[in-house]
Amino acid sequence: MTALDTASDTPWLDPDGQTPLVQIKGVTKKYGDVTAVDNVDLDIYPGELFCLLGGSGCGKSTLLRMLAGFETVNGGSITIDGVDMSEVPAYDRPTNMMFQSYALFPHMSVEKNIAFGLQQDRIPKSEIKDRVHDILALVELQDFKKRKPQQLSGGQRQRVALARALVKEPKLLLLDEPLAALDKKLRKQTQFELANIQEKVGVTFVVVTHDQEEAMSLATRMAVMDAGRFKQIGTPTEIYEFPESRFVADFIGSANIFEGRVTEDVADHVRVKTEVCDVFIDHGESVKMGSKIWVGIRPEKIRLTKADKPAVGENQASGIVEDVGYLGESSIYKVKLSNGQIIDVTAPNQLRPMSRQHGITWDDHVNISWEPSSAMLLNS
Ligand code: ADP
Ligand code: MG
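Just so it is clear, the model here is predicted, and its values are computed rather than measured.

Draft legend 1. How the structure looks around the site of ligand 1. Ligand 1 sits among Tyr 31, Val 34, Ala 36, Gly 55, Ser 56, Gly 57, Cys 58, Gly 59, Lys 60, Ser 61 and Thr 62. Between Gly 57 and ligand 1, the recorded distance is 2.7 Å, taken from a backbone N or O atom to an oxygen atom. Take Gly 59: an N or O atom from its main chain is 3.0 Å from an oxygen atom of ligand 1. Considered on its own, ligand 1 offers 560 Å² of accessible surface; in the complex 57% of this is hidden by protein. Contributions of two or more residues to the shell around ligand 1 are made by β2 (34-44) and α2 (60-68). Per element, the largest residue contribution to the shell around ligand 1 is three residues, and it comes from α2.

Structure, rendered in structure tokens:
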């Protein structure tokens, strides 16, 4: 049973409920002139699988290393399980770190690699045996316990590293790009395994990744980072469906973005005048009348029809197909709108390409349209 099952599934929405396991307040880290982490605040709850997501150099690893105690904090504070960490060295923290390189001992068997940390801690032999046995079962490596790391596949090595980190029963496991060494297909499979194992043990994980799909599939919540700051914190669905800025909308998935001004703002809808059309949005987020704003629409949320079919409803524009890319499972259409802007529309290929679903191709005049619930309001 995981910690998230025992209480509410969304403890972050309940300020009077569970105490966060990790409390990061105004944390800053500078290396000379470089501010690697810039005044971030974050609460992580017991049982979460929290992802720090962002491009290379945005400060993810630095923040993780400060949680582990491998880096000092220049400003702000970190509290883990109610204890201020400022005076607590790495080896006394209730944390463990799993490195990208796995750092397994090549001359030791799987079993011995996993037992090593417990022996260092002078845990009684019989207890070590039991704990190693249980953790091998958890990561499904019982049949491989006598092998050396080089006799394992990449995915198996990754599970040994995970077992070695978990066997020490940390309250918080820190993972820096844990799947980076695996090829794409194996990564996808391993993402599910990692999430399943985390759910079984209920240990709180903080995972650093630059891969948005990985964060989306793993995380209970994630923070999108840029230049040492958090751009947005939320569940994968919140981040994908309700990004607050152009940066987040474009970093997670892709988005067609139209600049406009708010012309109507009432409880149940918002209207934004853009060069392309008047956009009607049926979720009344709070926006300022007359203010400059951006509307984002994801390529898969746009319907594409031939211009000779009459268009229905709100939120539509017309254009010409400039390009079509066949991606196998879907096709991407580049549509040039009357204002010259080229937008992306994607559609799944439910039929074989000879009879392309829409029958839409190069130079066709088309209508685009989308549901009032599909547009995203972006404030910056
Ligand atoms: P990420 O993990 O998101 O790729 P890092 O946290 O490793 O980013 O780095 C953030 C910034 O801090 C980068 O500009 C990097 O060059 C810098 N940095 C990280 N570690 C050090 C260090 N030990 N000394 C100097 N600069 C560092
Ligand atoms: Mg890093």
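This is not the end of the story, as more comes after the structure.
Draft legend 2. Region of interest: helix α4 (residues 125-138). Under the 1.5 Å per step criterion, the end-to-end length of α4 is 20 Å for 14 residues, consistent within 8% with the ideal 20 Å. By the burial criterion, the buried members of α4 are Ile 128, Arg 131, Val 132, Ile 135, Leu 136 and Leu 138. One side of α4 holds all its buried residues, which, seen down the axis, span an arc of 150°. Turned more than 90 degrees off the buried face of α4, the exposed positions are Ser 126, Lys 129, His 133 and Asp 134. Immediately downstream of α4, the backbone of Glu 140 shows phi near 55°, a positive value.

Rules used in this analysis
- Residues numbered from 1 in each chain as written.
- Chains lettered and ligands numbered in written order.
- Predicted model: local features only at pLDDT ≥ 70, side-chain atom pairs only at ≥ 80, totals over all residues.
- Heavy atoms only, no water.
- Near = heavy atom within 4 Å.
- Polar contact = N/O pair within 3.5 Å; in protein donor to acceptor, adjacent residues only side chain to side chain.
- Areas by Shrake-Rupley, 256 points an atom, 1.4 Å probe, with all protein chains shown as cover.
- Helix = DSSP H or I, 4+ residues; strand = E, 2+ residues; numbered from the N terminus.
- Expected span 1.5 Å × (residues − 1).
- Buried < 20%, exposed > 50% of the residue type's maximum accessible area, 1.4 Å probe, protein only.
- Arc of directions from axis to C-beta.

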